[in-house]
Number of protein chains: 2
Amino acid sequence: MPAGVPTDSVEATKPAPRGRPRTVGAGEGAQTLMRGLDVLEAIADGTTDLAALAARLGTTRTTTHRLAAALVARRYLNFASGDGYSLGPKLLELGFQTRHSMPLHQAARAHLARLAERTLDTVQLGILDEGVVFYIDKVPGQRRFEIRSNMGDRHHVWATGLGKALVLDMTEDQWNGFFGKGRPDDARPSEAARQEWLAQMRTYARNGVAFDLGETEAELRCVAAPIRDASGAIVAAVSVSSITQYMQPERMTDLSHDVRETAAAISAALGWRKGVGTASA
Amino acid sequence: MPAGVPTDSVEATKPAPRGRPRTVGAGEGAQTLMRGLDVLEAIADGTTDLAALAARLGTTRTTTHRLAAALVARRYLNFASGDGYSLGPKLLELGFQTRHSMPLHQAARAHLARLAERTLDTVQLGILDEGVVFYIDKVPGQRRFEIRSNMGDRHHVWATGLGKALVLDMTEDQWNGFFGKGRPDDARPSEAARQEWLAQMRTYARNGVAFDLGETEAELRCVAAPIRDASGAIVAAVSVSSITQYMQPERMTDLSHDVRETAAAISAALGWRKGVGTASA
DNA sequence: TTGAATATTCCAATATATGGAATATTATTA
DNA sequence: TAATAATATTCCATATATTGGAATATTCAA
């Protein structure tokens, strides 16, 4: 499914429905619910009018309308005559509630703030979600500039410090799967680049800290470390980001300790005990 | 037929739609979807296990399980053996997307940041949602302390600057409806307090700016102004909050201009033209 | 290990969702 | 303004998707 992320919306109009996200199989016996969720997601994806919705779901206008009307009644959708459907306030509510109910979020908040205060730079918290990095919290730094990422953004695993930290425990095969993912075909990285990236990942995995040396934005760098839960599995990662000027090699090394400590503190709050799940093989 | 939920039971009798768009009958023919949403909201409300869920919805465990399983498959819920159900990552996603897709949010962002920079204090953006103030954006200030409200918080209309700004256009009857709302019965405010509050509201409405003089937290004060869309209706409000020490009467007066200007700028970005919908009667 | 609590699957019965066609509501012209 | 197009909404008989009881599987607590 094409992501409707604000950073670069590809098209504003409704295109021909490509591959159908038919998640049939699991969820048998709840067709109406599934279709309702389809409606929700189609609208999140930029569809605004009934006809397009119906075409996308492969249902009649009648059925589609009934589902949409139900969602409007429950405030999951807005409907404005003329502008069509849009995501409703209930989704805002549930989104916020979800964030607050995450033990991770609660455990992390104070630590992130303190890290941001010490480093003066932007601190971010992210999780791995469907193969991409999902930013779930951010504490801005105190410099004269602002790292322009936002909570809710999604970025590629291989090109961000947070992403690399999140996959540090995976096998080299899995790493390979991530590398270059999401790149347009004409910008496929060279084999040499892949090898270098893998070599770096090995180092990061050994150290328990990952760097971003400007893969996405040349002037941006960051230091990230994985957060583990009671089972030792990586469930999130924390990073400190700044511009290259403030991220010379020595500082990145220095920060490594602090970031790792912060990650460890949050991990501890989640029930992790030192030693469980860390690199050993 | 479900009978536990407070917000339905519309049947046979001819509805006499007064001020409120009752959306009667909507949701008919989508029982499964409605029940699915019930599940979602029950879990948002703290229910975690199947038995409790079923009891709450008035459905059998089987049905409830099918719905929950479908929602898990679609990542609207998590299920962890032992901990039960919790809100899932898809809700995070949709929540963020909803926020970003609001024209209001986009129009406001830059203005809020600039206001926060000028005033050094916390700037907040809120909307009226089901009779309460819903905080949808916040730009922290630069003082040594932190206003502890968070995005996603809900507060009472009558006790916050944002809330008052949001209802500035309403009638005195409607104001009355808001006053004291949500208070425990034993803390019902006196008639004198009500009269004083109404008098203040009249002043605020005349000036197009509302103050919070410590109704909720004695040491907190704020200055808020309404944001209007193209139709002139109030759709949101912006506020600057700080501690009393920094919010002496003169400064509140000074801030009034700046806050009102900011609100006007955001309103303009939403298509509002000076004069439309402002106090006139 | 046992027993208790909880989650999950199976199935026939029917209440519930479905879509075609008719209608109402808005937008866009003439 | 009226007439047209475009879109949303309601109606209703039909059959299909959903239901819940009972059986089974899984996890948790001693």
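Keep in mind that this is a model prediction, so the values were computed, not measured. (Residues numbered from 1 in each chain as written. Chains lettered and ligands numbered in written order. Predicted model: local features only at pLDDT ≥ 70, side-chain atom pairs only at ≥ 80, totals over all residues. Heavy atoms only, no water.)

(A) Examining the environment of serine 190 of chain B more closely. With respect to the secondary-structure elements, serine 190 of chain B resides in the loop between helix H7 (172-178) and helix H8 (191-207). Sequence separation between serine 190 of chain B and phenylalanine 96 of chain B is 94 residues, and the spatial gap between their C-alpha atoms is 41 Å. (Helix = DSSP H or I, 4+ residues; strand = E, 2+ residues; numbered from the N terminus.)

(B) Seen up close, the protein's contact with DNA strand C. Residues in close proximity to DNA strand C total 19 residues, the closest being Arg35 and Thr63 of chain A together with Gln31, Leu50 and His65 of chain B. If you look at DNA strand C and keep only atoms within 4 Å of the protein, 74% of those are sugar or phosphate atoms. Listing elements by their share of the surface near DNA strand C, those giving two or more residues are helix H1 (31-44) and helix H3 (61-73) of chain A together with helix H1 (31-44), helix H2 (50-57) and helix H3 (61-73) of chain B. Of the residues that constitute the surface near DNA strand C, the class distribution is five nonpolar, 11 polar and three charged. (Near = heavy atom within 4 Å. Nonpolar A, V, L, I, M, F, W, Y, C, P; charged D, E, K, R; others polar.)

(C) The arrangement of the packing of H1 of chain A against H3 of chain A in detail. Residues and elements named next belong to chain A. Interhelical geometry of H1 versus H3 gives an angle of 75 degrees and a closest axis separation of 10 Å. Considering their axes alone, H1 and H3 lie roughly perpendicular with respect to each other. Residues Thr32, Arg35, Gly36, Val39 and Leu40 of H1 pack against Thr63, Leu67, Ala68 and Leu71 of H3. Among the residues making up the contact of H1 with H3, the classes are represented as five nonpolar, three polar and one charged. (Axes fitted to C-alpha atoms, helices over the stretch in contact; angles between N-to-C directions. Parallel < 35°, antiparallel > 145°, perpendicular 65-115°, else oblique. Contact = heavy atoms within 4.5 Å.)

(D) A look at the nonpolar core. Residues Leu104 and Ile227 of chain A together with Leu104 and Ile227 of chain B are the most contacted members of the largest nonpolar core, which totals 83 residues. Excluding residues that lie within four positions of it along the chain, leucine 104 of chain A makes contacts with Leu125, Ile127, Ile136, Ile227, Ala236, Ile266 and Leu270 of chain A. With 42 residues, the next largest nonpolar core counts Leu67 of chain A together with Leu40, Ile43 and Ala44 of chain B among its residues. (Core = buried A, V, L, I, M, F, W, Y, C linked by side-chain atoms within 4.5 Å. Buried < 20%, exposed > 50% of the residue type's maximum accessible area, 1.4 Å probe, protein only.)

(E) Quick peek at the sheet that holds strand E4 (residues 132-139) of chain A. Read from one edge to the other, the open sheet built from six strands follows the order E5-E4-E3-E8-E7-E6 (chain A), with strand pairing classed as antiparallel. Looking at the sheet topology across the chains shown, the edges are occupied by strand E5 (154-156) and strand E6 (210-212) of chain A. Ignoring which end each strand starts from, the neighbouring axes of this sheet average 35 degrees apart. Sheet topology note: the strand E3 (residues 122-129) of chain A/strand E8 (residues 234-243) of chain A ladder contains five bridges and is antiparallel. When the sheet's bridge partners are listed, glycine 126 of chain A is paired in E8 of chain A with alanine 237 of chain A. Along the sheet, helix H4 (residues 89-101) of chain B makes contact with E3, E4 and E5 of chain A, crossing E4 of chain A at roughly 65 degrees. (Pairing = 2+ DSSP bridges.)

(F) Focus on the protein's contact with DNA strand D. Neighbouring DNA strand D are 19 residues, the closest being Gln31, Thr32 and His65 of chain A together with Thr63 and Arg66 of chain B. Counting only atoms of DNA strand D within 4 Å of the protein, the fraction found in sugar and phosphate groups is 75%. Between a phosphate oxygen of DNA strand D and a side-chain N or O atom of histidine 65 of chain A, the distance comes to 2.8 Å. Here a phosphate oxygen of DNA strand D and a side-chain polar atom of threonine 60 of chain B are 3.4 Å apart. For the surface near DNA strand D, the secondary structure elements donating two or more residues are H1, helix H2 (50-57) and H3 of chain A together with H1 and H3 of chain B. (Polar contact = N/O pair within 3.5 Å; in protein donor to acceptor, adjacent residues only side chain to side chain.)

(G) Local environment of the relation of the copies chain A and chain B. Structural alignment of chain A on chain B gives an RMSD of 0.1 Å, achieved by rotating through 180 degrees and translating 0.1 Å along the axis. The two molecules are tied by a two-fold rotation axis, judged by turn and shift. (Least-squares fit on C-alpha atoms with pLDDT ≥ 70 in both.)

(H) Here's a closer look at the side chain of serine 267 of chain B. Residue and element names in this part refer to chain B. One can find serine 267 in helix H9 (residues 249-269). Only 2.7 Å separates the side chain of serine 267 from the backbone oxygen of alanine 263, close enough to count as a polar contact. Leave out the neighbours within four places in its chain, and serine 267 touches Pro226, Ile227, Arg228 and Trp272.

(I) The environment of glycine 46 of chain A, seen in detail. All names here are of chain A. Among the structural elements, glycine 46 can be located in the loop between H1 and H2. According to the relative accessible area criterion, glycine 46 is partly exposed, its value standing at 38%. When the C-alpha positions of glycine 46 and tyrosine 85 are compared, they lie 9.3 Å apart, and in sequence the two are 39 residues distant.

(J) Structural detail: the sheet that holds strand E6 (residues 210-212) of chain B. Overall, antiparallel pairing links the six strands, which are arranged E5-E4-E3-E8-E7-E6 (chain B) in an open sheet. If you trace the sheet from one side to the other, it starts and ends with strand E5 (154-156) and E6 of chain B, each paired once. Averaged over all neighbouring strand pairs, the angle between strand axes comes to 35 degrees, with direction disregarded. Here nine bridges tie strand E7 (residues 220-228) of chain B to strand E8 (residues 234-243) of chain B, and the two strands are oriented antiparallel to one another. Bridge assignment links isoleucine 227 of chain B to a residue of E8 of chain B, and that residue is alanine 236 of chain B. Strand contacts of helix H4 (residues 89-101) of chain A: strand E3 (122-129), strand E4 (132-139) and E5 of chain B, with the helix running at about 65 degrees to E4 of chain B, the strand carrying the most contacts. Along the sheet, helix H5 (residues 103-119) of chain B contacts E3, E4, E7 and E8 of chain B; its crossing angle with E4 of chain B, the most-contacted strand, is approximately 65 degrees.

(K) Molecular detail of the pattern of salt bridges. Using the criterion set out here, one finds 34 salt bridges over all chains in the structure. A salt bridge links arginine 74 of chain B to glutamate 41 of chain A; the shortest N-O distance between them is 3.0 Å. Linking arginine 74 of chain B in the loop between H3 and strand E1 (77-80) with glutamate 41 of chain A in helix H1, this pair reaches from one chain into another. Note on glutamate 41 of chain A: relative accessible area 9%, which makes it buried. A salt bridge links aspartate 137 of chain B to arginine 109 of chain B; the nearest nitrogen and oxygen atoms lie 3.0 Å apart. Of the two residues, aspartate 137 of chain B is situated in strand E4 and arginine 109 of chain B in helix H5; the sequence distance between them amounts to 28 residues. Connected through shared salt-bridge partners, Arg75, Lys90 and Glu93 of chain A together with Asp129, Glu130 and Arg154 of chain B make up one network. (Salt bridge = Lys/Arg side-chain N within 4 Å of Asp/Glu carboxyl O.)

(L) Main features of unusual backbone geometry. Residues and elements named next belong to chain A. Positive phi outside glycine occurs at leucine 120, with the angle close to 70 degrees. Leucine 120 gets classed as partly exposed once you look at its relative accessible area, which sits at 35%. Look at glutamate 130: it is not a glycine, yet its phi comes out positive at around 55 degrees. A residue is classified by how much of its surface remains accessible, and glutamate 130, at 61% relative accessible area, is exposed.

(M) Here's a closer look at the confidence of the model for chain A. In this model, chain A carries an average pLDDT of 83, and 87% of its residues clear a pLDDT of 70 or more. Scored below 50 in pLDDT, residues 1-25 of chain A makes 17 contacts in the model with residues more than four places away or belonging to other chains. (pLDDT = per-residue confidence, 0-100.)

(N) Region of the structure containing H1 of chain A. Residues and elements named next belong to chain A. Here H1 contains 14 residues, and its C-alpha end-to-end distance of 20 Å stays within 8% of the 20 Å for a straight helix at 1.5 Å per residue. Of all the positions in H1, only Leu33, Met34, Gly36, Leu37, Val39, Leu40, Glu41, Ala42, Ile43 and Ala44 are classed as buried. The positive-phi residue at the C-terminal boundary of H1 is glycine 46, with phi of around 115 degrees. (Expected span 1.5 Å × (residues − 1).)

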